[in-house]
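# Architecture at a glance
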Amino acid sequence: MVNTKVTLCGLELDNPVIPASGTFGYGEEFAALYDINMLGSFSFKGTTREPRFGNPTPRIAECSEGMLNSVGLQNPGIDEVVGTILPQMKAYFHKPVIANIGGFSVEEYVDCAKKADGADNVGWIEVNISCPNVHGGGLSFGTSPAAAAEVTAAVKAVCKKPVIMKLSPNVTNIAEIAAACETAGADGVSLINTLLGMRIDLKRRKPILANKTGGFSGPAVFPVALRMVYEVWEAVKIPIVGMGGVQSARDVLEMILAGATAVQVGAANLREPMVCKTIVEELPRLMASLGISDLSEIRGASHG
Ligand code: SIN
């Protein structure tokens, strides 16, 4: 028998597999396809203080081995999520969920964090300081160590639950940002959000996305994400949630070997809605075939 359980910032998960924010909504549509209680947890759609319609369309562009999105944090707002969606979620998801929150100011992050922290089925607060698709928020807090630290400290001051800072790959030194978050009190970091990219329509000779640029995700980014998790593991002691192009149990084990405690699966959910179920089922078989009885045996083992 192998043990797939992991502990993320003090809370035990049955396995490290977590659908990433923005690829799983609030879980309801996926709960109609399979019992999502088999997951470690999931991270719900990035939620802001006010409801947001998101960016103009087109906001998706296909790429080989991945996709671009410029959704722009479309969501119903934190009051609707805390007042209606989270209570309804208890009917189909019986585990603590990760509350992913976004913001355009430190005060907005604080307001959202405080409200999410008060919901009894929220286990962790994941703070998105890395959305590349909005102006004046998101990424602007995630590309400077000082700004990342300021948001971290402000959110930590109002939360009883573990705070995980979601980091951007669109920086020169992601380890420096992770270390700044740790020093400011973060309980964990998650990485990577999407890579800033674009495509151009040959006939119109203009960018395909109405927002011009978008976030690139999918299997092509996996080696970049893995390298960044590896670098961050060498810079911090707090748990790392690895993500970026993960689509198989093999990718999950690579992320854990690089130093991740848990692993999020993003764009793969959009192409194959059952992918997380498949990974959860495949993981113990792959561990057994490799002689791994517990994931703690291999965490960070690729270093040195
Ligand atoms: C979006 O809603 O634009 C995607 C969220 C993100 O990349 O952080």
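A brief structural summary.

Cut-offs applied
- Residues numbered from 1 in each chain as written.
- Predicted model: local features only at pLDDT ≥ 70, side-chain atom pairs only at ≥ 80, totals over all residues.
- Heavy atoms only, no water.
- Near = heavy atom within 4 Å.
- Polar contact = N/O pair within 3.5 Å; in protein donor to acceptor, adjacent residues only side chain to side chain.
- Areas by Shrake-Rupley, 256 points an atom, 1.4 Å probe, with all protein chains shown as cover.
- Nonpolar A, V, L, I, M, F, W, Y, C, P; charged D, E, K, R; others polar.
- Phe/Tyr/Trp six-rings, centres within 6.5 Å; stacked < 30°, edge-to-face > 60°.
- Helix = DSSP H or I, 4+ residues; strand = E, 2+ residues; numbered from the N terminus.
- Buried < 20%, exposed > 50% of the residue type's maximum accessible area, 1.4 Å probe, protein only.
- Lys NZ or Arg CZ within 6 Å of the ring centre and 35° of its normal.
- Lys, Arg positive; Asp, Glu negative; His and termini not counted.
- Salt bridge = Lys/Arg side-chain N within 4 Å of Asp/Glu carboxyl O.
- Contact = heavy atoms within 4.5 Å.
- Axes fitted to C-alpha atoms, helices over the stretch in contact; angles between N-to-C directions.
- Parallel < 35°, antiparallel > 145°, perpendicular 65-115°, else oblique.
- Left-handed = near helix turned anticlockwise from the far one by under 90°.
- Disulfide = S-S within 2.5 Å.

## Describing the site of the ligand
- Surrounding the ligand, one finds Lys45, Asn69, Val71, Gly72, Leu73, Asn128, Cys131, Pro132, Asn133, Asn193 and Thr194.
- Leucine 73 places a polar main-chain atom, nitrogen or oxygen, 2.7 Å from an oxygen atom of the ligand.
- Asparagine 133 places a side-chain nitrogen or oxygen 2.7 Å from an oxygen atom of the ligand.
- Isolated, the ligand exposes 260 Å² of accessible area, and the fraction of that covered by the protein chains is 91%.
- Per-class residue counts for the shell around the ligand are 4 nonpolar, 6 polar and 1 charged.

## Thoughts on the packing of aromatic side chains
- The final tally for this structure, using the stated rule, is 5 aromatic pairs.
- Aromatic pair phenylalanine 24 and phenylalanine 42: ring centres 5.1 Å apart, planes at 50°, arrangement tilted. Linking phenylalanine 24 in the loop between strand E3 (17-19) and helix H1 (28-31) with phenylalanine 42 in the loop between H1 and strand E4 (60-63), this pair joins segments that are 18 residues apart in sequence. Phenylalanine 42 carries the same exposure label as phenylalanine 24, and that label is buried.
- A network of ring pairs unites the aromatic residues Phe24, Phe30, Phe42 and Phe93 as a single cluster.
- The residue whose ring lies beneath arginine 59 is phenylalanine 53, and the NZ or CZ to ring-centre distance is 6.0 Å.

## Quick notes on the side chain of lysine 161
- Mapped onto the elements of the fold, lysine 161 is located in the loop between helix H5 (145-156) and strand E8 (163-166).
- Among buried charged residues, lysine 161 stands out as having no salt bridge; its nearest opposite-charge side chain is aspartate 117, 5.2 Å away.
- Within the structure, the side chain of lysine 161 is placed 2.6 Å from the backbone oxygen of alanine 119, a separation counted as a polar contact.
- Beyond its immediate stretch of four places on either side in the chain, lysine 161 contacts Asp117, Ala119, Asp120, Val122, Gly123 and Asp187.

## Points about the packing of helix H6 (residues 174-183) against helix H7 (residues 222-235)
- Look at H6 against H7: their axes get within 9 Å of each other, and the N-to-C directions meet at 45°. Of the possible angle classes, the one that applies to H6 and H7 is oblique. Crossing geometry of H6 relative to H7 is assigned as right-handed. Contacts between H6 and H7 involve Ile174, Ala175, Ala178, Ala179 and Glu182 from the former and Met228, Glu231, Val232 and Ala235 from the latter.
- Of the residues that constitute the contact of H6 with H7, the class distribution is 7 nonpolar, no polar and 2 charged.

## A look at the environment of leucine 196
- Turning to its location among the elements, leucine 196 is positioned in strand E10 (residues 195-197).
- Judged by relative accessible area, leucine 196 falls into the partly exposed class, the value being 44%.
- For leucine 196 and glycine 54, which are 142 residues apart along the polypeptide, the C-alpha to C-alpha distance reads 17 Å.
- When sequence neighbours within four positions are dropped, the list of residues in contact with leucine 196 reads Pro132, Asn170, Thr213 and Gly214.

## Thoughts on the state of the cysteines
- Summed over all chains, the structure comprises 0 disulfides.
- Here cysteine 9 stays unpaired: no disulfide links it, and the sulfur of cysteine 159, its closest cysteine neighbor, is 12 Å away.
- On the accessibility criterion, cysteine 9 (18% relative accessible area) is buried.
- As a non-bridged cysteine, cysteine 112 has cysteine 159 as the owner of its nearest cysteine sulfur, 11 Å distant.

## With respect to the packing of helix H8 (residues 249-258) against helix H10 (residues 275-289)
- The contact between H8 and H10 brings their axes to 8 Å, and the two run at 65°. Relative to H10, the element H8 is oriented roughly perpendicular. H8 and H10 meet at a crossing whose hand is right-handed. Seen from H8, the contacting residues are Ala249, Arg250, Val252 and Leu253; seen from H10, they are Ile279, Glu282, Leu283, Leu286 and Met287.
- Considered class by class, the residues forming the contact of H8 with H10 number 7 nonpolar, no polar and 2 charged.

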